[in-house]
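If you want the building blocks of each chain, they are given just below.
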Amino acid sequence: MKLIRYGAAGQEKPGIIIDEKYYDVSHLVNDYDEKFFSGNAIDELKEKIATGGLTEIDKTVRLGAPLARPSKIVCVGLNYKDHAAETNMPIPSEPILFFKSTSAIVGPNDDLIIPKNSTKTDWEVELAIIIGKKASYVEPEDAFDHIAGYALHNDYSERAFQIERNGQWVKGKSADTFAPIGPFIATKDEISNINNLQLWLKVNDKMMQNGNTLNFIFDVAYMVSYISQFMTLLPGDVISTGTPAGVGMGQKPEAWYLKPGDVVELGIEGLGTSKQNVKSYF
C-alpha cells in the first residue's frame, strides 16, 4: 500500500494510491501520525479500503509529506562507501548519527528555500525508513518487525553551517524546507529487497547521483537495531539512511552548490520521484 497526504500546507488529509490513482481516506484515518503507526492501522486500513466506496482525488493536487510530523528524524552519515571516499573521510566503524529538525519537513514537490546567509546549500538523495512499532534495544533479526515502510527523502545540507560553524551537524541540516519527503510511504511489503534499490538525483537535468543501496556500509536492519541501542524509536519516526556519491561538496575539480533558479529532481526505485525548485530566502 502507498500512503499519501494531500492538500494545502498545514491542512493535509490522508490518502492512498491504488493503481496509480489517488483516493481520499480521511473518513477512515485521522492522519498518518504516531498514533496511526503504533497500532494495526495499516492492516485495518487495507481491510477497510477493500470494501470500496472511496472518493478519487485529482492527481494535480499538492502532495504534502506522507506522514504527520514525527517525534524525530535520525540521520546516518557517510553510509555509502563511495560517498565517504568523495569526502575524503574514512569508512566509519559504527554508524555516524545526527538529528534533523522535524520543522524542516515539507512536501516532495515544494520549493527549496536557500536559507539566509547560506553559501553552500547541497543535495543528498536518501532512503527514509518509517518506524511502525516502538523500538528499543532491538536485535538486527527483529528489526523489520519495527518498520512500517519506506520513503524518498532529500537530505538538504548547508555545508558551511554543518562543517565550518563548529558544533554538531544538525545546524547545517535543519533549515526550513530541508527535508522534502515523499511522494508516498510504501509499506514494507511493497519492496522486495530494500538493500538493493537504485537511487538517483539530477540538478538542472544533469545526473549528479546514481547509486544503489547495495553500497550501504550498514544495512537497514543493522541501522534500526543500532540506533535503538541509544534511543527509543517511536512509531512514525524517520531514519534517513545516507547518500551515495555525487553531492555538490564532492564535485571535482571544485565543489559547487545550489543557487536560485536551479531545479532538483530525484527518485528511488519503487518509491517514486520528487522535484524541488530552488528559491532564495529573500
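Residues numbered from 1 in each chain as written. Predicted model: local features only at pLDDT ≥ 70, side-chain atom pairs only at ≥ 80, totals over all residues. Heavy atoms only, no water.

Caption draft 1: Highlighting unusual backbone geometry. A cis amide bond links Lys-252 to the next residue, Pro-253, at an omega of 5°. Tracing the backbone shows Pro-253 in the loop between β18 (238-240) and β19 (263-268). At Asn-117, a residue that is not glycine, the phi angle is positive and equals roughly 70°. In this structure, Asn-117 sits in the loop between β9 (112-114) and β10 (121-122). Given the relative accessible area of 62%, Asn-117 is considered exposed. Look at Thr-177: it is not a glycine, yet its phi comes out positive at around 80°. Position of Thr-177 among the secondary structure elements: in the loop between α4 (159-164) and β14 (179-180). (Helix = DSSP H or I, 4+ residues; strand = E, 2+ residues; numbered from the N terminus. Buried < 20%, exposed > 50% of the residue type's maximum accessible area, 1.4 Å probe, protein only.)

Caption draft 2: Local environment of the environment of Ile-18. Here Ile-18 is to be found in strand β2 (residues 13-18). Here the alpha-carbon distance between Ile-18 and Glu-56, two residues 38 residues apart in the chain, equals 9.8 Å. Excluding anything up to four places from it in sequence, Ile-18 contacts Tyr-23, Ile-49 and Leu-54. (Contact = heavy atoms within 4.5 Å.)

Caption draft 3: Just the sheet that holds strand β16 (residues 198-203), in detail. An order of β9-β20-β19-β16-β17 is seen for the five strands of this open sheet, with the pairing classed as mixed. In this open sheet, the two strands that pair with only one neighbour each are β9 and β17 (206-212). Going across the sheet, the axis of each strand differs from the next one's by a mean of 20°, ignoring polarity. When β9 meets strand β20 (residues 272-280), the two strands line up parallel, connected through three bridges. From the neighbouring strand, Ile-113 faces β20, where its bridge partner is Lys-279. (Pairing = 2+ DSSP bridges. Axes fitted to C-alpha atoms, helices over the stretch in contact; angles between N-to-C directions.)

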